[in-house]
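Here is how the chains run, residue by residue.
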Amino acid sequence: MSQDTEGREPLPIWFFVGVILAVYGVLVIAGNFMTSRPTVLSETRPGLWWGALMVVAGGIFTAIGVVAHRKG
Amino acid sequence: MATIELAVLDWAIIVLYFVAIIGIGLYLRKFTKTGDDFFMGGRKNSSWVAGLAFLSANLGALEILGWTGGTMKYGMFVSHFYWLGAVPAMLFLGLYMMPFYYSSKIHSVPGYLKLRFDERTRLLNAVTFAVMTLLMSGINLYLMALVFKVLLGWDWHVSMWVSAAAIGCYITLGGLMSAIFTEIVQFFLIWAGLFLLSILGVMEFGGIGNVMQGLPSTMTSLWATTGDASTNAMGVTWLGLVMGLGFVMSFGYWTTDFLVVQRAFSSKDLRSARLTPITAAFFKMALPFIVVVAGMVAYKLVLDPASGFKLPPDPSDPSKLWNDAALPLLIVRYYPVGLVGLGITALLAGFMAGQAGNVSAFNTVWTYDIYKAVINKKATDAHLVWMGRMTTVVGVLLSIGTAYLAMQFNTIMDYIQAIFSWVNAPLFATMLLGMFWKRTTSAGAFWGLLAGMIMSFSIFMGFRFNLIGPELAGVLTLSATPSDMTRNLWQAIWAWAVTFGVTVLISLFTTPKTDAELVGLVKGMTPKVDEGKVWLLGRPGFWAAVALVVVIALNAYFW
């Protein structure tokens, strides 16, 4: 891929994946605290732990993306 | 059935997806200047990036919905489409075919046909591939609108135009790199948005053992019921499975379909290109843990009236239940606000990535194999990038036209779904002979390819219009009353065999190219590429062996 006028490479895809996962994780956690129609296994609070997992995974991918970009 | 209600937060998640993919396209725009940037993603990708894109280009929402529903009909047999019908072909591509593709620095699979054979063979494949990708893209668009209309009550026209406009926008801006970025985002969204359904389903039954308990052996075994076609739900023997799915259809698709192979061409070097399909094979192996587990959970829930889980009538045939609705109904059953938005976004991303893959492959084949090869041979690189962008817009508009056509004439779907065996199965024979038998001639390749395509089309039409009676059906498919799946498998086998036979026959009576012309294109005529000193964990051969062991173990465990 061509370098832009500043000679920089684009941010790696892992950065975008990380940000999207983290933001979605936060929104999924937020949904856990909103009024929802009754669902099966709602007592296990899937939005809470799954959203938390997404935030953690998102953080890791974002960090990988930033580090890879700095290394160039 | 009542449509799924979305909360404001669910809508926010969906809208955010559109903002993200168009934002990525805008960001990548400034890095996309040359033809290699636009059509080949800059040829700088690692095997991880190219491998995930390679897998995701094939991992559409249709596959996820279809095979979850398919599990309710065929049980674990669905895993064959991953473990038998994909992994071996992906490993073969990485180990044996990629060196010829990648080292010749071509822009497309038809480009290889030009180098190995001649212009007419390239043109035959380029035109059929271009038509196939546009039709597939349109069908994907139509089915997306159908699913969202029935499940969410979304307007047909809005669904199709908004998603098509977003795809057209980000591919026009960033080319293949945009497509690859969004495909990888889609891969993670599918796992984040849909794998939880399998987990919650297994939790509801108290373990995977309880999900499998009480199911007939035809639902829970891979090979044990393949001795006789009448003893399994798919109605196929092990021979049909291995030859049709495991060999012709699988190798035909994964090793020659430019839609997926294009992702490997974007790799930074030959070793990464070889590792691309091998990396993808590991992730492909894992997908049954979404589709098959979710499908079995849905099957068990349907069997229990007290569960309240009911499938709606099929929109195209109301006398049947709509198995493909199983996954969205599991979303309704288990997901609260927020997760519903994530699950719908995963499906939306899957549909859109499928269309984007087709459009990006179409713009490359049109630009390099039809426009530059036939219409404007002196086109500059800048002009080709402009043409690629314009072709993207035209491709998206033609996809929308195909979608409207499918909406008006539902039977067109039958033809389009069979198109893979008209195009890919014969092409695999041509490629195999071209790469591994230097005696294969240009005339043999062209007429063999054409004969195989005609053969496949003739068998399809014969069954479609009931021109093939039980006796002939028995000869062609080893079954007097073959299922649609069995017909498709054998149609592909015959197409491959005819192409192979005709190509060999004509090649023996025509003049082959000289050895000097075949360097880099045929095994035995190509010097072995020295990849330098690479430690064991970096070698394609090592990871292919690991993948093979794992897939054999999975087959043995679920025998």
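Above this text you will find the structure in question.
Quick caveat, the model's predicted, so the values are computed rather than measured.

Caption draft 1: Broad picture of the packing of aromatic side chains. All names here are of chain B. For the coordinates displayed, the defined rule picks out 43 aromatic pairs over all chains. A centroid spacing of 6.1 Å and a plane angle of 70° characterise the contact between Phe 129 and Phe 258, whose relative ring orientation is edge-to-face. Of this pair, Phe 129 sits in helix α8 (residues 119-152) while Phe 258 sits in helix α13 (residues 258-265); the two residues are 129 residues apart in sequence, bridging distant segments of the chain. A ring pair is formed by Phe 148 and Phe 351, whose centres lie 5.8 Å apart and whose planes are at 75°; its orientation type is edge-to-face. Linking Phe 148 in helix α8 with Phe 351 in helix α17 (residues 339-375), this pair joins segments that are 203 residues apart in sequence. Owing to a relative accessible area of 1%, Phe 148 belongs among the buried residues under this scheme. Phe 351 gets classed as buried once you look at its relative accessible area, which sits at 0%.

Caption draft 2: Layout of the interface of chain B and chain A. Opposite the 45 residues of chain B that make contact, chain A presents 37 residues. Surface buried jointly by chain B and chain A totals about 3,400 Å² across both partners, of which 77% is contributed by carbon and sulfur atoms. Taken together, the connections running from chain B to chain A amount to one salt bridge. One salt bridge connects Lys 44 of chain B with Glu 9 of chain A, and the closest N-O pair in it is separated by 3.5 Å. On the surface where chain B and chain A come into contact, there are five residue pairs in polar contact (both at pLDDT 80 or more). Contributing elements (two or more residues each) for the side of chain B that touches chain A: α1 (8-29), α3 (47-56), α9 (156-205), α16 (326-334) and α17 of chain B. For the side of chain B that touches chain A, the element with the most residues is α9 of chain B, which contributes 14 residues. For the side of chain B that touches chain A, the per-class residue count stands at 34 nonpolar, five polar and six charged.

Caption draft 3: Geometry of the packing of helix α20 (residues 419-436) of chain B against helix α23 (residues 484-508) of chain B. All names here are of chain B. Taken N-terminus to C-terminus, the directions of α20 and α23 make an angle of 40°; their axes are 8 Å apart at the nearest point. Handedness of the crossing formed by α20 with α23: right-handed. Contact residues: Ser 421, Trp 422, Ala 425, Pro 426, Phe 428, Ala 429, Thr 430, Leu 432 and Leu 433 in α20; Gln 491, Ala 492, Ala 495, Trp 496, Thr 499, Phe 500, Thr 503 and Val 504 in α23. For the contact of α20 with α23, the per-class residue count stands at twelve nonpolar, five polar and no charged.

Caption draft 4: Geometry of a nonpolar patch on the surface. Judged by side-chain polarity, Val 19 and Val 23 of chain A together with Val 15, Leu 16 and Val 19 of chain B come together as a nonpolar surface patch covering roughly 360 Å² of accessible area. Those elements that provide at least two residues to the nonpolar patch are α1 (13-32) of chain A together with α1 of chain B. When residues of the nonpolar patch are assigned to their parent elements, the largest contribution, three residues, is made by α1 of chain B. You can see Val 19 of chain A is positioned in helix α1. Overall, Val 19 of chain A belongs to the partly exposed group, its relative accessible area being 34%.

Caption draft 5: The arrangement of the nonpolar core in detail. Core analysis: the biggest nonpolar cluster contains 210 residues, and Tyr 101, Phe 148, Ile 184 and Leu 194 of chain B have the highest contact counts within it. Among the elements that line this core, the one with the most residues is α9 of chain B, at 25 residues. Among all residues touching Ile 184 of chain B, those that are not within four sequence positions of it are Ile 13, Trp 14 and Val 17 of chain A together with Val 49, Leu 52 and Ala 53 of chain B. Ranked by size, the runner-up nonpolar core spans five residues in total, among them Ile 459, Phe 463, Ile 468 and Leu 476 of chain B.

Parameters and conventions
Residues numbered from 1 in each chain as written. Chains lettered and ligands numbered in written order. Predicted model: local features only at pLDDT ≥ 70, side-chain atom pairs only at ≥ 80, totals over all residues. Heavy atoms only, no water. Phe/Tyr/Trp six-rings, centres within 6.5 Å; stacked < 30°, edge-to-face > 60°. Helix = DSSP H or I, 4+ residues; strand = E, 2+ residues; numbered from the N terminus. Buried < 20%, exposed > 50% of the residue type's maximum accessible area, 1.4 Å probe, protein only. Contact = heavy atoms within 4.5 Å. Buried area = accessible area lost by both parts, 1.4 Å probe. Salt bridge = Lys/Arg side-chain N within 4 Å of Asp/Glu carboxyl O. Polar contact = N/O pair within 3.5 Å; in protein donor to acceptor, adjacent residues only side chain to side chain. Nonpolar A, V, L, I, M, F, W, Y, C, P; charged D, E, K, R; others polar. Axes fitted to C-alpha atoms, helices over the stretch in contact; angles between N-to-C directions. Left-handed = near helix turned anticlockwise from the far one by under 90°. Patch = residues over 30% accessible without salt bridge, like charges linked within 9 Å, V, L, I, M, F, W, Y side chains within 5 Å. Areas by Shrake-Rupley, 256 points an atom, 1.4 Å probe, with all protein chains shown as cover. Core = buried A, V, L, I, M, F, W, Y, C linked by side-chain atoms within 4.5 Å.

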